[in-house]
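Inside the fold
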Amino acid sequence: MRLLKQVAAAALAAGLGLAGNVAQSADTLQDVMKARGLSQQDLLAAAKTYVPTGKRDEFVVFSSGGQSGQIIVYSVPSMRILKYIGVFTPEPWQGYGYDEDSRAVLRQGRIDGKDITWGDTHHPAISETNGEYDGQFLFINDKANPRLAVIDLRDFETKQIVVNPIFKSEHGGAFVSTNTEYVLEAAQYAAPLENRKFYPLEEFNERYRGGVTYWKFDRKAGRIDPKASFSLELPPYSQDLSDFGKGPSEGWSFTNSFCSERYVGGIEKGRPPYEAGCSAKDTDYLHVVNWKKAAELVAAGKARKINGHDVLTIDVAVKEGVLFLIPEPKSPHGVDVTPDGKFIIVAGKLDTHVSVYSFEKIQAAIKAGKFESKDPYGIPVVAMADALHTQVALGLGPLHTQFDSKACLAYTSMYVDSQVAKWNFCEGKVVDKLSVHYNIGHLMTMEGDSVKPAGKYLVALNKLAIDRFVPVGPLHPQNHQLIDISGDRMQLLYDMPLPLGEPHYAVAIAASKLKPAVRYKVGTNSRTDAAHPGATRAGEEKIVRKGNKVEVFATLIRSHITPETIETEIGDEVTIHLTNLERAQDETHGFTVSTYNVHASVEPGKTVSVKFKADKEGVYPYYCTEFCSALHLEMQGYLLVKPKGWKPTKTALAAQNYTETDYKATLKKIVDTQAVIDQVVAYITSVNYKDFPEVVAMVEDAFDQLGKTKDAKAKHEAAAGKKDWEQANLWAEQVWQYQVKTADLGLRAKTFLEQNGAKKVK
Ligand code: CUK
Ligand code: CUA
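Our subject in this report is the structure included herewith. (Residues numbered from 1 in each chain as written. Chains lettered and ligands numbered in written order. Predicted model: local features only at pLDDT ≥ 70, side-chain atom pairs only at ≥ 80, totals over all residues. Heavy atoms only, no water.)

It is worth spelling out the overall build of the chain at this point. Across its full length, the chain holds 14 helices and 43 strands. With the C-alpha coordinates of the chain rotated into their principal frame, the extents come out at 100 × 75 × 50 Å. A burial count over the chain gives 56% of its 762 residues as buried. Contacts in the chain between residues at least 24 apart in sequence constitute 63% of all its contacts with a sequence separation of at least 6. (Helix = DSSP H or I, 4+ residues; strand = E, 2+ residues; numbered from the N terminus. Buried < 20%, exposed > 50% of the residue type's maximum accessible area, 1.4 Å probe, protein only. Contact = heavy atoms within 4.5 Å.)

Written as structure tokens, this is what we have:
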């Protein structure tokens, strides 16, 4: 009865317009400012970032989760976190790594036959069309284990993991070409390219190699095609960040390096450490690659197979004129191509300058065959002076550069200075500086990697937070700081702690460009996008046994799991296919079986399987793990694991002894609830609800639920005819359950209509 009262009360409140805010705060803005010690500047920052309830943010950010191996999605300017996307690391709440279909994705990331259940995500990249973010796919790399992942932005799920076939470590990825033909991944620490091949460190110069991999992306399939991908062998120079050319530099890519000294440390042998030997020279090398031509050479059969993968060797690359080097100042980190594609900006961690290279000058030197030397591997070196447009002194520890919507304006992070420098790369002068907290790594402007940066905001991804937040032990949260870049001077707006791994890079796209799906086509395997072989329609649920293999075809809909009992014998191999039959928005069900370490998140329309060996005799409840309706707790069942050869002694369940009076009371409840439903329906149909697609979907779903009462009604009436009050009452209760769900949806629709200005019709 309590629930009915709640439903009725809610209907009444909604009808009287009491659902909104009634109480008005007596505070004035001045009172709040005084009480909380806020300045005018604070209020301005608050007003620029506050997004009132019901309103949405303008940009969506995809941030690497660093050592937590996933992606964090948040929105700007409110900095509200929207989602985590499990990528290289299991993510239990998504069932990622706990259901068979997502485990199949994680298994693609196995190396040498072993599961690797963590990753170090660094650089996300959004797919591009003509150099602009198109919002279809997202890529991210794993620095710890050389891998790359593909995420589909229709459902924000990881679809593919590819393992780099020749690198033993990587860092400079993921970056996409202007039409996402290729996704680039550059090596980091040099090693022999052959897998499982040992060469001593004494043979570093001869046997160890770096490289760049160009992963071919098949947009139609939404997957990387490893067979059509290739790599370019590079000297053991510790390749680092990279970027693709665009506009005039289309067809080229740029990869910088550190430790071109090829120093090999060995503290234990009395040698100075890597840090000393790797920063001894004044310059390292920027690798300049004509990837379009490299791809043609590979297609023409000029590559060598290493570990079954096409590799264009240094010799061939030099001979065919696709690989060049340019000295760049000491231990550089970021390399970023300007939106117009004319310049390549390199920041040297140990140099106070950023160096702006001119693509036009580089090309002129290459065309004229004007090289200052060759490196030890015979690669022609363009003189720095012949390639530089300008150098600008910014400050200490410049790392990464991003671009404004206004021409020639760039922002560079300065790690040591803990500052962002705004500067003009055409004229070579500093415009503004802003302190950030603290030790900034990457920074990111809205759509800042595209040919059309959107300006407006910049996010500083700071390594240390120190005093910004309430301390939570020796390890502080990471600090993402939002900065307003719309004016001449930068303005710091907001500090957002991220309580996960160290986020390296992030990318932001206009929210309007994302077109995520509301539901899957019923029976879809979300990890393959194909129809799931375990898909099950309503009424076709079954348990199939073949030998010791038990296959369960189950469905989920508010608020029951069908079947509700799964009987097995000890030692059975159990696979449960789960299909969510819901059509309603956001109506996800979860599924777990106690102590069997499986979990699935089943969004509307999805089919997913869990699998385990019933290796322990006993009784194991299974249930829905998402609070999906008022009767969510009742969305349950039992897995029975019986001993071998067990025979039942008792065959009937305990009776409840319901009487005719109980049955009549339930019927009365049904009539009362129907009155509530009728009221709500009367309201909805009195307004222009058809103009609201969200409401139309809710109404359809409500009638779907109501439609199910017919069958249950026939059953309770038939049972009543036979004076089986037990069955009559229980089936009547089921009718009421469907009504409650109908009323719940109806009320949600009604509230939505009231809050979104529905108008009376006629
Ligand atoms: S890296 Cu971390 S701050 Cu992986 Cu791009 Cu520079
Ligand atoms: Cu379905 Cu809770």
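The subject of this paragraph is the layout of surface pockets. Roughly 2100 Å³ of volume is contained in the largest pocket. Along the walls of the largest pocket sit 46 residues, with Arg-56, Pro-516, Ala-517, Gln-585 and Asp-586 positioned nearest its centre. Secondary structure elements with two or more residues in the lining of the largest pocket: β2 (70-76), β3 (80-86), α12 (693-707) and α14 (725-755). A per-element tally of the lining of the largest pocket places α14 first, with five residues. Residue composition of the lining of the largest pocket, grouped by class: 18 nonpolar, twelve polar and 16 charged. Approximately 960 Å³ is the volume found for the second largest pocket. Lining the second largest pocket we find 29 residues, and of these Ser-559, His-560, Glu-564, Trp-731 and Gln-734 sit closest to its centre. At seven residues, the largest contribution of residues to the lining of the second largest pocket is made by α14. Tallied by class, residues from the lining of the second largest pocket come to eleven nonpolar, eleven polar and seven charged. Taken domain by domain, the lining of the second largest pocket gets at least three of its residues from each of domain 2 (524-642) and domain 3 (660-755). (1 Å grid on protein atoms, 1.4 Å probe; cavity = no way out; pocket = protein on both sides within 12 Å on 5 of 7 lines; lining within 4 Å. Points joined across faces, edges and corners; volume = space filled by probe spheres on them. Nonpolar A, V, L, I, M, F, W, Y, C, P; charged D, E, K, R; others polar. Domains from an automatic or database assignment.)

Here the focus is the site of ligand 1. If you check the shell around ligand 1, you find His-122, His-123, His-171, Leu-241, His-333, His-400, Gly-441, His-442, Lys-463 and His-504 and nothing else. In terms of residue class, the shell around ligand 1 is made up of one nonpolar, eight polar and one charged. (Near = heavy atom within 4 Å.)

Every second residue of strand β17 (residues 309-312) is oriented toward a common face, with His-309 and Val-311 on one face and Asp-310 and Leu-312 on the other, all of them buried. Relative to β17, strand β16 (residues 304-306) runs antiparallel, the two sharing three bridges. Looking at the pairing, Lys-305 lines up with Asp-310 of β17. Following β16, the chain reverses through two residues before pairing antiparallel with β17; Asn-307 in that reversal takes a positive phi of roughly 55°. (Pairing = 2+ DSSP bridges.)

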